[in-house]
Structures are given as structure tokens and as C-alpha cells.
Amino acid sequence: MENVLSSSDALNGTSLSFIGCGVMAEAIIAGLLGQNLVKPEQVVGSHPSAERREELQGKYGVRIFEHNREAAQATSSNGQATTSSIVILTVKPQRLGIILGELREVVQPEQLVISIVAGARVETIADALQHRAIVRAMPNTPAQIGEGMTVWTATAEVSNGQQAQIHAIFGALGREMHVEEERMIDMATALSATGPTYTFLVMEALIDAGVHMRFSRHVAEELVLQTMLGSVLFARESRKHPAELRNMVTSPGGTSAEAIYQMEKGSLRTVLSKAVWAAYQRATALGRTAKE
């Protein structure tokens, strides 16, 4: 579906209310402000900790309330009839049921609701809020430096203009991808949202291997980080299949061939596949928890 507005225009005059201002909410706020897609006065949020509220207000110049209802009402009752409003749910799955109950009579029909709550189904949110214009999304932690991957889906009630706003919001975090089927969000949770965990663990193992060979930890870290970064960028730029790239650096009887033999012997592929599947099952279980 084509965007009706460019990213730079999509959020003009749009109020954003972040329900729960944790790490990911801050990443979105920082990305939007950093790219001048919104102004501080367009952003409000909620957090129970006074220290956290003061931190975010001082850092970004946005308004942060103690209570969730206050944050949602601040964008729905600002007296500006032409201003669109978005409520973004960025809370823990275990808290979602309580928070939806708090917001049920506050969220207005014209507002768009975006959820980045792991596992939380669109149906669960829609039923609890009695609201139909809902987006379910799953970003990952590299969003904090503008290199994230966000996968999202939207209900039929989300307009073209609202979809343009979604592209702008998640585009500020890195790359974003729209999918038609909601089950793909749980799949993306297991693959791309949990993906940094797999990557960090491999990085840690390689660094430890370097230290085992008597590199200093500092040197091992530098070698591993740059090698992984360069490999990812090379894969993106070359547009070749990873198997083809691997074959390019694997000579008969060479070091890569010996290393691959040991990884295959240790069932590395199977372990990674099982890890992703376990993460997928956990994501679906979180959805059931949120519904309860």
C-alpha cells in the first residue's frame, strides 16, 4: 500500500503518548526527535518512577506523567481538532491486562494504538480497549542506535495516513517491514527481535576463544566486533546468499574448512534452529499471559 505522506510530513501535528517509558520507548522518542520528525511538545509519556520521569523530561524536554491515563488523555483532549493522536503501548506483557483496563475509557475512536508488547495479540488489545485501529509491532535493541529492524502489522481500520505515520515512526529506528499476517510478528519476535541475543552470544564465544589463544581481551573484542560488522555489511552489499559467501572464503583443507567441520560436528545449525523455535513458542505463550 502506498504512503500518502512522506516520512518528514507524516507526523506533523501528531501527538504521541508512550504508555510505559522504558528502553524501547526512549529509543523511539530519541529517534523521532533526532531526525526532527516531531517536536518535544508533541510527545508525552508515563512512568511510575519519579526519577525516570525527571530523567526523560530533562533529557528530551517531553512531558512524562506518573499515571497512564494522564498520558493518554493528554493527547486525546488537547483541544486541537486537527491534531492526530497515537497511543504507543511499551509495557511488559505481564502488566498489559491491568494497563488496558486503565485505558479502556480513555482511548478515543480517532486515536491510533500501537503495541510493541511481546506476544500481545491484536484481538486481546482490541477487545480490552473496545477499539479497532491497532498496530502490532516488534522492534529490536539495535533500534537504540538507529540500526533496528521492526516488523509490524495493522488492522483494516488503520488508514493510509496512519500507515504513513507508522512508516515514519519505525523508519526512525532503522529498517521496518509491514507484514499482512499477525502470526509473523511472533515469528519476527523469535528471529529478529531475539536475534541480537544469538549474535551477542556468538560474539562472546569468539572473544573468549581469542582470549584462550592468549590475545588480550581488548584485542580479541576489537578483532571480533570489526569482523562481524564487516561480514554483515559485506553480505548486505554483495546481495549474495550466505552459503555462497561462506564458500568464497572456504578453501579445501584450509582453516575455514576445519572450523566448519567442527561447528557442523557440534550441531551448531540445529542448536540455533532449536533456539529460534523455543523463542517463538515463548512469544506465543506471552500472548496467552497478556490475554489473561
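Chemist: Help me understand the pairing of strand E1 (residues 15-19), please; the structure alone is not making it clear to me.
Modeler: Two faces make up the sheet, and in a regular strand the side chains alternate between them. Counted residue by residue, E1 has 5 buried out of 5 residues, so it is predominantly covered. The alternating pattern of E1 places Ser15, Ser17 and Ile19 and Leu16 and Phe18 on opposite faces, both of which are buried. The pairing of E1 with strand E4 (residues 85-89) spans 5 bridges and is parallel. By the bridge assignment for E4, serine 17 is matched with valine 87. Direction of pairing for E1 relative to strand E2 (residues 43-46): parallel, over a ladder of 4 bridges. Residue pairing for E2: serine 17 is matched across the bridge by valine 44. Chirality of the crossover, the property in question, places the unit of E1, helix H2 (residues 23-34) and E2 among those that are right-handed.

Chemist: Please clarify how the packing of helix H8 (residues 183-193) against helix H9 (residues 195-212) should be interpreted in this entry.
Modeler: Axis angle and axis distance: for two packed helices, these are the angle between their axes and the distance between the axes, and together they describe the pair. Their axes nearest at 5 Å, the elements H8 and H9 cross at an angle of 20 degrees. Classified by the angle their axes make, H8 and H9 are roughly parallel. Listed contacts from H9 to Ala190, Leu191, Ser192 and Ala193 of H8 are Gly195, Pro196 and Tyr198. Tallied by class, residues from the contact of H8 with H9 come to 5 nonpolar, 2 polar and no charged.

Definitions and limits used
- Residues numbered from 1 in each chain as written.
- Predicted model: local features only at pLDDT ≥ 70, side-chain atom pairs only at ≥ 80, totals over all residues.
- Heavy atoms only, no water.
- Buried < 20%, exposed > 50% of the residue type's maximum accessible area, 1.4 Å probe, protein only.
- Helix = DSSP H or I, 4+ residues; strand = E, 2+ residues; numbered from the N terminus.
- Pairing = 2+ DSSP bridges.
- Right-handed = clockwise from strand over helix to strand, strands pointing away.
- Axes fitted to C-alpha atoms, helices over the stretch in contact; angles between N-to-C directions.
- Parallel < 35°, antiparallel > 145°, perpendicular 65-115°, else oblique.
- Contact = heavy atoms within 4.5 Å.
- Nonpolar A, V, L, I, M, F, W, Y, C, P; charged D, E, K, R; others polar.

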